[in-house]
Amino acid sequence: MSDPTATLPRILVVEDEPLIVRSLNEVLKTRYRLQLAVSGEEALATAISSTPDLILLDIGLPDQDGYEVCRKLQGNSATRDIPVIFLTSRHENSEILRGFEVGGKDYVLKDASVMVLMARIDTHLLIYRQQTALVAALEQNRMQNEKMSSLGQLAAGVAHEINSPLGYISSNLQVMAEYFAKIVRFDQIRQLSGAGELSPEARELIATSRESLEIEHIMADGVNLVNESLQGVVTTTKIVQELKHFARMDRLEQEPVALTSCLESALTIGHNELKYVATIRTEYESRQEVLCHPGQLSQVFLNLLVNAGQAIAGPKMGEIVLRSWHDDVCVYASVSDTGAGMSEEIRGRIFDPFYTTKEVGKGTGLGLSISSDIITKHHGKIVVESVVGVGTTFTVKLPRVKERP
Ligand SMILES: Nc1ncnc2c1ncn2[C@@H]1O[C@H](COP(=O)(O)OP(=O)(O)OP(=O)(O)O)[C@@H](O)[C@H]1O
Ligand SMILES: [Mg+2]
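Residues numbered from 1 in each chain as written. Chains lettered and ligands numbered in written order. Predicted model: local features only at pLDDT ≥ 70, side-chain atom pairs only at ≥ 80, totals over all residues. Heavy atoms only, no water.

Before going further, it helps to examine the pattern of salt bridges. Side chains bearing opposite charge may pair, as long as their charged atoms lie close to each other. Per the counting criterion, the structure on display carries 12 salt bridges. Arg210 is the partner of Glu216 in a salt bridge, and the nearest nitrogen-oxygen pair spans 3.0 Å. Under the relative-accessibility criterion, Glu216 is labelled exposed at 52%. Between Arg287 and Glu264 there is a salt bridge whose closest N-O contact spans 3.6 Å. (Salt bridge = Lys/Arg side-chain N within 4 Å of Asp/Glu carboxyl O. Buried < 20%, exposed > 50% of the residue type's maximum accessible area, 1.4 Å probe, protein only.)

Another point: the nonpolar core. Residues Leu297, Phe301, Leu304, Ile320 and Val335 are the most contacted members of the largest nonpolar core, which totals 42 residues. Counting the residues that make up this core, at least three belong to each of domain 2 (148-244) and domain 3 (251-403). Contact partners of Leu297, with chain neighbours within four places excluded, come to Leu259, Cys262, Val290, Cys292, Ile374, Ile375, His378 and Leu398. Counting residues in hydrophobic clusters, the runner-up holds 19 residues, among them Ala43, Ile55, Leu73 and Tyr128. (Core = buried A, V, L, I, M, F, W, Y, C linked by side-chain atoms within 4.5 Å. Domains from an automatic or database assignment. Contact = heavy atoms within 4.5 Å.)

Before going further, it helps to spend a moment on helix H8 (residues 259-274). Given 3.6 residues per helical turn, the α-helix brings residues three or four places apart onto the same face. With 16 residues, H8 extends 21 Å between its outermost C-alpha atoms, agreeing within 8% with the 22 Å of an ideal straight helix rising 1.5 Å per residue. H8 sits mainly inside the fold: 13 of its 16 residues count as buried. (Helix = DSSP H or I, 4+ residues; strand = E, 2+ residues; numbered from the N terminus. Expected span 1.5 Å × (residues − 1).)

Taken in spatial order, the 5 strands line up as E2-E1-E3-E4-E5 in an open sheet, and their pairing is parallel. The two strands at the open ends of the sheet, each matched to only one other strand, are strand E2 (33-37) and strand E5 (106-109). Looking at each pair of strands side by side, their axes are set apart by 25 degrees on average, direction ignored. Bridging between strand E1 (residues 10-14) and strand E3 (residues 54-58) involves 4 bridges; their strand directions are parallel. By the bridge assignment for E3, Val13 is matched with Leu56. (Pairing = 2+ DSSP bridges. Axes fitted to C-alpha atoms, helices over the stretch in contact; angles between N-to-C directions.)

This paragraph deals with the environment of Gly314. Within the secondary structure, Gly314 is located in the loop between helix H9 (294-312) and strand E9 (318-326). The class of Gly314 is partly exposed, set by a relative accessible area of 43%. Sequence spacing of Gly314 and Pro165 is 149 residues, and the spatial spacing of their C-alpha atoms is 28 Å.

Strand order in the open sheet formed by 5 strands is E7-E9-E10-E12-E11, and the pairing between neighbours is mixed. Since the sheet does not close on itself, it has two edges, and those belong to strand E7 (278-284) and strand E11 (381-387), each with one partner. Pairs of neighbouring strands in the sheet enclose a mean axial angle of 10 degrees, with direction left out of account. Alignment of E9 against strand E10 (residues 330-337), held across 7 bridges, turns out to be antiparallel. Following the sheet pairing, Trp325 is matched in E10 by Tyr332. In this fold H9 packs onto E7, E9, E10, E11 and strand E12 (391-399), with an angle of close to 25 degrees to the strand it touches most, E10. Running at roughly 25 degrees to E12, helix H11 (residues 367-377) makes contact with E11 and E12 of the sheet.

All right, on to the site of ligand 1 then. In the vicinity of ligand 1 there are 19 residues, among which Thr356, Thr357, Lys358, Thr364 and Leu368 approach most closely. A distance of 2.4 Å separates an oxygen atom of ligand 1 from a polar side-chain atom of Thr357. Take Leu366: an N or O atom from its main chain is 3.0 Å from an oxygen atom of ligand 1. Protein chains shield 93% of the accessible area of ligand 1, which is 600 Å² for the free molecule. Every element with two or more residues in the shell around ligand 1 is listed here: H9, H11 and E12. Looking at side-chain class alone, the shell around ligand 1 contains 7 nonpolar, 9 polar and 3 charged residues. (Near = heavy atom within 4 Å. Polar contact = N/O pair within 3.5 Å; in protein donor to acceptor, adjacent residues only side chain to side chain. Areas by Shrake-Rupley, 256 points an atom, 1.4 Å probe, with all protein chains shown as cover. Nonpolar A, V, L, I, M, F, W, Y, C, P; charged D, E, K, R; others polar.)

Okay, structure coming up:
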C-alpha cells in the first residue's frame, strides 16, 4: 500500500530537548513528514542527504549553535536554498537579527501558538515552491532560447549552402533539356534523310543542321554539365550528412568520435557565414577520438566559429585557423581569428550566461556559456587567449578515449 504521507512537505526539526521534540512531533505530524536531528552535525548530514523542504532550527544545540549550522547550510550548494526558520526562546532583537544575517528566513518563539508556527511554515513552504518553479522555468527558457538561436543560425547557413548547388543543378537540367530537344530534332532530320547512301542534298542538310543545332558544342558541354551537377549532388549529400551529425545532439549515449570531425561538421554548417569575412585554413594534426555527444561538440565549435567571424567583421578579410593536436592524455582543438580581440575585463566575463557586447538582436550572450557547460560535462576545459587588435584563440581540451576512467 502506498504511504499516505508521501506527498506531504518534508520538514527537518533540529532540536535537542526531548520534551519540545515530543510536543512538536504531536502537532506537526499530521501536516508534514518530520525528520529529527539532535545536534548541528546530525542536522547538516541529514539536510545534505535528504534535502528537506524546510528546516526548523533550534539555536542552542549541544555541539554548535544554530547560527553556525545555518551558515554552513548556506555554504553548501545542496542546502543553500532550503528555507530555515529559527526556533528560539530568545526574545532579544540582536539575537533575532543575527538569525537573519546568517541566512535564516524567519524565526518563531518557542512559546508561540501552534497556529502561528504552522502559518509561518506554510508561508515559507509556498515561497520556496514558487521560487523553485521559477528557477526551473527560467532554465527551461534559457535552453529554449539557445536552441532557437542555434537552430535559426543553422537553418540559415544550411539553406544557403544547399541552395547554391541546387541552383546550378536546376539550371544545368534546363540547359540539358534544351540540348536534348536539339538532339532529338537532329535525329529526326537524319531519319528523314533516309537510310543507306545519302544524296549530296541530304548530306548538306545534315551538315548545316549539325552546325545550327550546335551538336558539337552539346556533345562537349553536356558532359561538363552532368559532371558539375553530380558534384553539386555530392556537396548537398555531404551537408545533409553533417546535419545528421547535429541531429544526434540529444542522444543519451556518448560515442567515440574524432574531435576533428566535429570541427569539420561545424565548418561545413558555418561556412556560409564565414566565407565573406575570412579565409579559412585548417591544420589538423590529430584524428584522435574522444568519448562524446558529437552533435554537442559540433555546436560548441559552431559557436566559436560564428564568434570568430563576428569578431572579424569589417571591411578587410581576416583569417580563421582551425587546429587539432594531441598529447598522451588529451586531444585539443582550437579556433583562432584575426579579429578585434578582447580586453582583460571582457575576457573575465565571456563565459557568464547572457553576457554579450553585441548589439540587441545580434547576440544573446549564451553561446560561450552553453559551450563551456557542454565541455565541462565532457570532462574537458575551454580556455581563451586574446590580444586587443590582434586576435583571439579558443582552445578546447578533452580526454582521449583510452584515458577515460
Ligand atoms: N572570437 C572572439 N573575439 C572577440 N570577442 C569574442 C570572441 N568570442 C566571444 N567574444 C566576446 O564574448 C562575448 C560572449 O560571447 P557569446 O558567444 O557567449 O555570446 P554572443 O556571441 O555575444 O551571443 P550569442 O548568444 O549569439 O553567441 C561576445 O559578445 C564577445 O564580446
Ligand atoms: Mg556567440
